[in-house]
Amino acid sequence: MSISSQLDQDSGQLVISVAGRFDYSLHRDFRACYEHVSVEGIQLILDLSSADYMDSSALGMMLLLKEHAEKSQAEALTIRKPSPAILKILEIANFDKLLKIEN
Amino acid sequence: MFEVDTLSFLNKAVKGTALVVDDTRINRLLLGKILSDIGYQVVFAEHGREAVELFQQQDIDIVFMDVLMPVMDGYQATAEIKRLSTQKFTPVLFVTAQNEVDALVKCIACGGDDILFKPVHQAVLKAKALGFERTRAIYNEISRLHNQLREEEELAERVFSSAVANSHCADQELLVSLDSASTFSGDVVFAEYRPNGDIHVLLGDFTGHGLRAAIGAMPVADIFRGMTRKGYTGEAILRQINRRLHRLLPTGMFMAGIFVELSLQQKSLTVWNGGMPELLVYNTQQQSIRERLRSESIPLGIQNEVELNLKTLPWLPYDHVVLLSDGVTEALSVSGEMFGEQRLINAIADKASHPSFIASIQHALEGFCEGAEQLDDISMVEVPDLLNRPNQQADDTYNAGPLAAGQWSWQLELDATSLKKFTPIPLLMTTLQELSVHQTDRNILFTVVSELFNNAFEHGVLGLDSAIKTSASGFEEYYRQRKRRAKKLTEGSVSIAIEFDGKQTRQFTIQVADSGNGFEASQVAEKSAEQQYSGRGLRLVESLCESMTFNPQGNCVAAVYRCQH
């Protein structure tokens, strides 16, 4: 599967990793990664180091994750290590103004 | 443990008409007897041809088919029956003595649904018949839902086209190509004239595609068209669209977009890009891409208020403006490679061998994709070299309502705080329309009042020097300063007063005053009329009006315009 998630209670991090194509087909799996996890006070990290393409629905999914993080009082949401191709899409959409992106 | 109640299953009645096809009379009778015993109405055919004819004439629910028959065999008859049976599911069961793998495969291959071996056992036959009734019910339900969905989609498509995709008013000016991946496009293109003949163009790309993406397009169409016609600025329109989409669309859905205001009078392009590929300005005289304007803003509908970062630049003769959706550079070839930016730039450079930039890009895309499945909407808008085109007359016949009559006056005074957030021109346009002022007169008045108001605001209140605008770099500097000063504004005012005498002179008197220092009296005396007025705006007003006069201080102007209709 091209989505996996790992909750580390000790470090207080939930890391969601997407590999390959990040698009609408991952919608359900993506939501399932965080929907039933208690993320209060947890640091949310979306690891895109293995993703090589992203479309506008993926941008939408990130906004949903951000909304979830805010509603359920997660610590922060960070987009980690986007590939150059993905970083370009994030920059075109100016999502660096909305989300914390970490290389 | 699960108990299977076979008895009550087999006690269910079968319904409908069965067609028995066999060239041997005794076989027909035997099978017919069993079928009528379990509840079927039975009709008979002696060979395949007769079966096909009967099938066309009567409402047949299930067919029992022999294999070898004269005139037409069972395989061919089955294929024909299946071809005819598009509206409903009619199972065809072969009845054969040949217990061979080949025969069975052939029966299914020609379109048959199952096979019964002779001698036919009544319970087996009935069980299969009941099973097929179940399949038929599911098939019919799917087909009903499919038809319903198609009807609804057609209806929605009609509503959508008339609201959104319907011809752009500025069609004759622009080249537009919309290539949707499904019935509904998630890409939308709108183009509309402002009252002074400037053109607003918006290319929007909603998240995803298909119906879910198209929903947001309807309010965008209304806001864009309505506000542009009333004379609102691009910034005000985009803010309104953003707020509406933010309220309307669920989180995760938004509209990336690219907007251009083409000002024929200011000879300027004002561009907003929120999440779209670069806007390209290609100059055919310089034979190069003169400007690339990348996305400076987040898409619309994500946040309630958004920083738009509009940019104004000079519009030169021989400029061609190209707007694209990301479907162009992200189009995939059969082998899964993306079209990419370099191929796009090459296609633009190759324009000379094509009638337009769009045609050149389309040609390159077709060659690259070679019929690979299109995954995203591909949209392009091209603004040709409008500045080198001979002037066209506006359509005078449009909106010929009753003549403006009566006498009225309209007045508004705005202080610094109000000036920062309010542009009075659209309000005035609505007022003029309500007072039955003819479209042609309204358009001229829009130009006159806009120019006078901008002049008062930019030079009088903000103290900008129009001399900055003379060079290309100064042009952009001017608009940067305008933005900066407007943001910091704390003092100043502008007042507008309009009077109409519909009884005698049929003249409009427009007076615009500002709190600025005006012209130096000595300068006014020394300079020629052309230099004295700050730029082409005032010259334009002068050419449209009967008269235009400044007070001695130079901070109050009165223009008189005679009604044409």
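Residues numbered from 1 in each chain as written. Chains lettered and ligands numbered in written order. Predicted model: local features only at pLDDT ≥ 70, side-chain atom pairs only at ≥ 80, totals over all residues. Heavy atoms only, no water.

**Q** What is the right way to read the nonpolar core from this model?
**A** Proteins that are soluble and globular tend to have nonpolar side chains buried together. Phe22, Leu46 and Phe95 of chain A together with Ile241 of chain B are the most contacted members of the largest nonpolar core, which totals 63 residues. Looking at this core, the element that brings in the most residues is helix α2 (residues 56-71) of chain A, giving 7 residues. The contacts of phenylalanine 22 of chain A, once residues within four sequence positions are left out, are Phe30, Leu46, Leu48, Tyr53, Met54, Asp55, Ala58, Met61 and Met62 of chain A. Core analysis: the next-biggest nonpolar cluster, separate from the first, contains 42 residues, Leu445, Val449, Val494 and Phe508 of chain B among them. (Core = buried A, V, L, I, M, F, W, Y, C linked by side-chain atoms within 4.5 Å. Buried < 20%, exposed > 50% of the residue type's maximum accessible area, 1.4 Å probe, protein only. Helix = DSSP H or I, 4+ residues; strand = E, 2+ residues; numbered from the N terminus. Contact = heavy atoms within 4.5 Å.)

**Q** Please clarify how the sheet that holds strand β7 (residues 187-193) of chain B should be interpreted in this entry.
**A** Strand pairing in a sheet is mediated by backbone hydrogen bonds. Such pairs are either parallel or antiparallel. All names here are of chain B. With respect to topology, 5 strands assemble into an open sheet ordered β7-β8-β9-β10-β13, the strand pairing being antiparallel. Pairing within the sheet leaves two strands with one partner each, and these edge strands are β7 and β13 (311-314). Along the sheet, successive strands turn relative to each other by an average axial angle of 15°, direction set aside. Pairing between strand β8 (residues 199-206) and strand β9 (residues 255-263): 8 bridges, direction antiparallel. (Pairing = 2+ DSSP bridges. Axes fitted to C-alpha atoms, helices over the stretch in contact; angles between N-to-C directions.)

**Q** When you look at the sheet that holds strand β20 (residues 556-562) of chain B in this model, what are you seeing that I'm missing?
**A** All names here are of chain B. Strand order across the open sheet formed by 5 strands is β16-β17-β18-β20-β19, with antiparallel pairing between neighbours. Each having just a single partner strand, β16 (407-415) and β19 (547-550) make up the two edges of the open sheet. Within this sheet the neighbouring strands show an average axis-to-axis angle of 10°, counted without direction. Across the face of the sheet, helix α14 (residues 439-461) comes into contact with β16, β17 (493-501), β18 (507-514), β19 and β20 while running at roughly 15° to β18.

**Q** Help me out: how do you make sense of the packing of helix α13 (residues 425-434) of chain B against α14 of chain B in this one?
**A** Think of two packed helices as two axes; the pair is described by the angle between the axes and how far apart they sit. All names here are of chain B. Here α13 crosses α14 at 155°, and the two axes come no closer than 10 Å. Taken together, the axes of α13 and α14 lie roughly antiparallel to each other. As for how α13 packs across α14, the hand of that crossing is right-handed. In contact with Ile425, Leu428, Met429, Leu432 and Gln433 of α13, α14 contributes Arg442, Leu445, Phe446, Val449, Ser450 and Phe453. For the contact of α13 with α14, the residue count by class is 8 nonpolar, 2 polar and 1 charged. (Parallel < 35°, antiparallel > 145°, perpendicular 65-115°, else oblique. Left-handed = near helix turned anticlockwise from the far one by under 90°. Nonpolar A, V, L, I, M, F, W, Y, C, P; charged D, E, K, R; others polar.)

**Q** Explain the interface of chain B and chain A to me, please; I cannot follow it from the model alone.
**A** Listed by partner, the interface residues are 20 residues for chain B and 17 residues for chain A. Interface of chain B and chain A: buried area, both sides summed, is about 1,400 Å²; carbon and sulfur atoms make up 59% of it. In terms of surface lost to chain A, no three residues of chain B exceed Thr251, Phe254 and Ile298 of chain B, which account for 31% of the buried area on that side. Along the contact surface separating chain B from chain A lie 1 salt bridge. (Buried area = accessible area lost by both parts, 1.4 Å probe. Salt bridge = Lys/Arg side-chain N within 4 Å of Asp/Glu carboxyl O.)

**Q** Honestly, the packing of aromatic side chains in this entry has me stumped. Any pointers?
**A** We describe a pair of aromatic rings using the distance from one ring centre to the other and the angle between the two ring planes. As enumerated under the stated definition, the model contains 16 aromatic pairs over all chains in all. Each ring, one from phenylalanine 30 of chain A and one from tyrosine 34 of chain A, has its centre 5.8 Å from the other, and the planes form 80°; the classification is edge-to-face. Of the two residues, phenylalanine 30 of chain A and tyrosine 34 of chain A are both situated in helix α1 (residues 27-35); the distance of 4 residues between them amounts to about one turn of the helix. Judged on exposure class, the residue phenylalanine 30 of chain A and its partner tyrosine 34 of chain A are both buried. For the pair phenylalanine 89 of chain B and phenylalanine 132 of chain B, a centre-to-centre distance of 6.4 Å together with 40° between the ring planes defines the contact as tilted. Here phenylalanine 89 of chain B, found in the loop between α4 (74-84) and β4 (92-96), pairs with phenylalanine 132 of chain B, found in helix α6 (residues 122-165); they are 43 residues apart in sequence, far enough to count as distant. Judged on exposure class, the residue phenylalanine 89 of chain B and its partner phenylalanine 132 of chain B are both buried. An aromatic cluster of three or more residues is present, and its members are Trp408, Phe500, Phe508 and Tyr561 of chain B. Taking NZ or CZ as reference, lysine 351 of chain B lies 5.4 Å from the ring centre of phenylalanine 357 of chain B, over its face. (Phe/Tyr/Trp six-rings, centres within 6.5 Å; stacked < 30°, edge-to-face > 60°. Lys NZ or Arg CZ within 6 Å of the ring centre and 35° of its normal.)

**Q** Looking at this structure, how should I read the pairing of strand β12 (residues 288-293) of chain B?
**A** Remember that side chains alternate between the two faces of the sheet whenever the strand is regular. All names here are of chain B. Pairing of strand β11 (residues 279-283) with β12 involves 5 bridges; the strand directions are antiparallel. By the bridge assignment, tyrosine 282 is partnered in β12 with isoleucine 289. Between β11 and β12, which follow one another and run antiparallel, lie 4 residues, and glutamine 287 among them has a positive phi close to 50°.

**Q** Explain a negative patch on the surface to me, please; I cannot follow it from the model alone.
**A** Together, Glu151, Glu152, Glu153 and Glu154 of chain B line one region of the surface with negative charge. Relative to the assigned elements, glutamate 151 of chain B resides in helix α6. (Patch = residues over 30% accessible without salt bridge, like charges linked within 9 Å, V, L, I, M, F, W, Y side chains within 5 Å. Areas by Shrake-Rupley, 256 points an atom, 1.4 Å probe, with all protein chains shown as cover. Lys, Arg positive; Asp, Glu negative; His and termini not counted. Charge placed at Lys NZ, Arg CZ, Asp CG, Glu CD.)

**Q** Sorry if this is basic, but what is going on with the state of the cysteines here?
**A** A disulfide bridge is the covalent bond that connects two cysteines by way of their sulfur atoms. For the structure shown, the criterion picks out 0 disulfides over all chains. We note that cysteine 107 of chain B lacks a disulfide partner, and the nearest cysteine sulfur, in cysteine 110 of chain B, lies 6.2 Å from it. (Disulfide = S-S within 2.5 Å.)

**Q** Can you help me understand helix α10 (residues 340-349) of chain B in this one?
**A** Given 3.6 residues per turn, any residue in an α-helix points the same way as the ones three and four places further on. Residues and elements named next belong to chain B. Taken together, the buried positions of α10 are occupied by Gly340, Leu344, Ala347 and Ile348. Projection of α10 onto a plane perpendicular to its axis shows the buried side chains occupying an angular sector of 120°, all on one side. Opposite the buried face of α10, by more than 90 degrees, sit the exposed residues Gln342 and Ala349. Packing partners of the buried residues in α10 comprise β11, β12, β14 (319-324) and α11 (357-369). (Arc of directions from axis to C-beta.)

**Q** When you look at the packing of α10 of chain B against α11 of chain B in this model, what are you seeing that I'm missing?
**A** Residue and element names in this part refer to chain B. The N-to-C vectors of α10 and α11 enclose an angle of 135°; their axes lie 8 Å apart at closest approach. The pairing of α10 with α11 is recorded here as oblique in orientation. For α10 against α11, the interelement crossing comes out right-handed. Residue-level contacts link Arg343, Leu344, Ala347 and Ile348 of α10 to Phe357, Ser360, Ile361, Ala364 and Phe368 of α11. Residue classes in the contact of α10 with α11 are distributed as 7 nonpolar, 1 polar and 1 charged.

**Q** When you look at the pairing of β7 of chain B in this model, what are you seeing that I'm missing?
**A** All names here are of chain B. Of all 7 residues that make up β7, 6 are buried, and the element is covered over most of its length. Pairing between β7 and β8: 7 bridges, direction antiparallel. Bridging from a neighbouring strand, aspartate 187 pairs with aspartate 205 of β8. Where β7 folds back onto β8 in an antiparallel hairpin, the turn is made up of 5 residues, including glycine 197, whose phi is positive at roughly 95°.

**Q** How should I be thinking about the confidence of the model for chain B in this particular structure?
**A** Caution is warranted with low-pLDDT regions, since their predicted coordinates should not be read in detail. Residue and element names in this part refer to chain B. Of the residues in chain B, 91% have a pLDDT of 70 or more, and the chain-wide mean is 85. Within chain B, the lowest mean pLDDT, 43, falls on helix α16 (residues 521-526), and the highest, 95, falls on strand β10 (residues 268-274). Contacts for the low-pLDDT stretch residues 393-400, under 50 throughout, to residues beyond four places or in other chains number 8 contacts. This model gives residues 521-533 a pLDDT under 50, and the stretch forms 9 contacts once residues within four places in sequence are excluded. (pLDDT = per-residue confidence, 0-100.)

**Q** How should the pattern of salt bridges be read in this particular structure?
**A** Proximity of charged atoms lets side chains of opposite charge pair with each other. All names here are of chain B. Considering all chains together, one arrives at 28 salt bridges over all chains under this definition. With a shortest N-O distance of 3.4 Å, glutamate 192 and arginine 229 are connected by a salt bridge. Of this pair, glutamate 192 sits in strand β7 while arginine 229 sits in helix α8 (residues 217-229); the two residues are 37 residues apart in sequence, bridging distant segments of the chain.

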